[in-house]
Amino acid sequence: MQLPRPTRPIIPIGAERHHPRNRGIEAVAHTQLSQLSTADMSGIPPSPRFYSQPLRYLKWASHNKPAYFYSIVVGCIGPVMVFTVPPIRRYLGEEPIPKIPLTYPVPKGERPRPSGFDDE
């Protein structure tokens, strides 16, 4: 009876320590700092390119840099709301507020003169 062929190569035991991601402290000590990327040191995988994979980049940014991602989302919603909120408010029945009068209205016709004061 023959065993099925594995779909991925079998890595011998002990070979995983030679993988670039599994470098020990000794290997890192012998590596120049210019060869190490920030992704290797921080454990965060490198970000996908925005222009080649925009949806994948947005997903990555929402997980790894949520403060930047959601501040940009909230900032982009503001200009959209300028054009969408007023029609919705009118549809729901809100009326425009009356204008504040700038002067006191003067009544038409003859006005009575005050009497009983000592300035006459």
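Residues numbered from 1 in each chain as written. Predicted model: local features only at pLDDT ≥ 70, side-chain atom pairs only at ≥ 80, totals over all residues. Heavy atoms only, no water.

The chain is annotated in an unreviewed UniProt entry as NADH-ubiquinone oxidoreductase 9.5 kDa subunit from Epicoccum nigrum.

Chemist: Sorry, what's going on with the overall build of the chain here?
Modeler: Per the secondary structure count, the chain includes four helices and zero strands. When its helices and strands are written in sequence order, the chain yields α-α-α-α. Counting over 120 residues, the chain shows a buried share of 7%. Summed over all atoms, the accessible surface of the chain reaches about 12,500 Å², with 62% contributed by carbon and sulfur. (Helix = DSSP H or I, 4+ residues; strand = E, 2+ residues; numbered from the N terminus. Buried < 20%, exposed > 50% of the residue type's maximum accessible area, 1.4 Å probe, protein only. Areas by Shrake-Rupley, 256 points an atom, 1.4 Å probe, with all protein chains shown as cover.)

Chemist: Teacher, can you tell me more about the confidence of the model for the chain here?
Modeler: Regions with low pLDDT carry predicted coordinates that are not meant to be interpreted in detail. Here the chain averages 76 in pLDDT, and 61% of its residues register 70 or above. When the elements of the chain are averaged for pLDDT, helix 1 (residues 25-29) gives the smallest value, 51, and helix 4 (residues 66-91) the largest, 93. (pLDDT = per-residue confidence, 0-100.)

Chemist: Whenever I open this one, helix 4 confuses me. Can you help?
Modeler: Residues that lie three or four places apart on an α-helix share one face, since the helix turns once every 3.6 residues. With 26 residues, helix 4 should reach 38 Å at 1.5 Å per residue; the first-to-last C-alpha distance of 35 Å fits that figure. Of all the bends in helix 4, the greatest measures close to 45 degrees and is centred on M81. Phi turns positive, to about 100 degrees, at G93, one or two residues after helix 4. (Expected span 1.5 Å × (residues − 1). Bend = angle between axes of the 7 residues up to and from the residue.)

Chemist: How should I be thinking about the UniProt feature "transmembrane region" (unreviewed entry) in the chain in this particular structure?
Modeler: Here the UniProt-annotated "transmembrane region" (unreviewed entry) positions come out as residues 67-85. Along residues 67-85 one finds 100% helix and 0% strand; the C-alpha atoms at either end are 26 Å apart. (UniProt positions renumbered as here; feature names shortened; annotations may be inferred.)

Chemist: Looking at this structure, how should I read the side chain of S62?
Modeler: Residue position: S62 is located in helix 3 (residues 54-64). Here the side chain of S62 touches K59 through a polar contact of 2.8 Å, landing on its backbone oxygen. Once residues within four sequence positions are removed from consideration, S62 is found in contact with F69 and Y70. (Polar contact = N/O pair within 3.5 Å; in protein donor to acceptor, adjacent residues only side chain to side chain. Contact = heavy atoms within 4.5 Å.)

Chemist: What's the story with the environment of F50 in this structure? I'm lost.
Modeler: Here F50 lies in the loop between helix 2 (38-42) and helix 3. Filtering out sequence-adjacent residues up to four positions away, F50 remains in contact with Y57 and L58.

Chemist: Could you clarify how one ought to interpret the packing of aromatic side chains in this entry?
Modeler: Each pair of aromatic rings is reported with the distance of its centres and the angle of its planes. For the coordinates displayed, the defined rule picks out two aromatic pairs. Here F69 and Y70 contribute two aromatic rings whose centre-to-centre distance is 4.8 Å and whose plane-to-plane angle is 85 degrees, an arrangement assigned as edge-to-face. The exposure class assigned to F69 is buried, which follows from its relative accessible area of 18%. Owing to a relative accessible area of 46%, Y70 belongs among the partly exposed residues under this scheme. (Phe/Tyr/Trp six-rings, centres within 6.5 Å; stacked < 30°, edge-to-face > 60°.)

Chemist: What exactly am I supposed to notice about the packing of helix 3 against helix 4 here?
Modeler: Relative orientation and spacing of two packed helices are given, respectively, by the angle between their axes and the distance between those axes. In the contact formed by helix 3 and helix 4, the axes pass within 6 Å of each other and the chain directions differ by 120 degrees. The segment helix 3 lies against helix 4, with L58, A61, S62, H63 and N64 engaging P66, F69 and Y70. (Axes fitted to C-alpha atoms, helices over the stretch in contact; angles between N-to-C directions.)

Chemist: Would you mind showing me how to read the pattern of salt bridges here?
Modeler: Opposite charge on two side chains permits pairing when their charged atoms draw close. Taken as a whole, this structure holds one salt bridge when the rule is applied. Of the charged contacts in the structure, one is a salt bridge between R89 and E94, with a shortest N-O distance of 2.5 Å. Look at R89 and you get partly exposed, because its relative accessible area is 42%. Accessibility expressed as a relative area gives 44% for E94, which makes it partly exposed. (Salt bridge = Lys/Arg side-chain N within 4 Å of Asp/Glu carboxyl O.)

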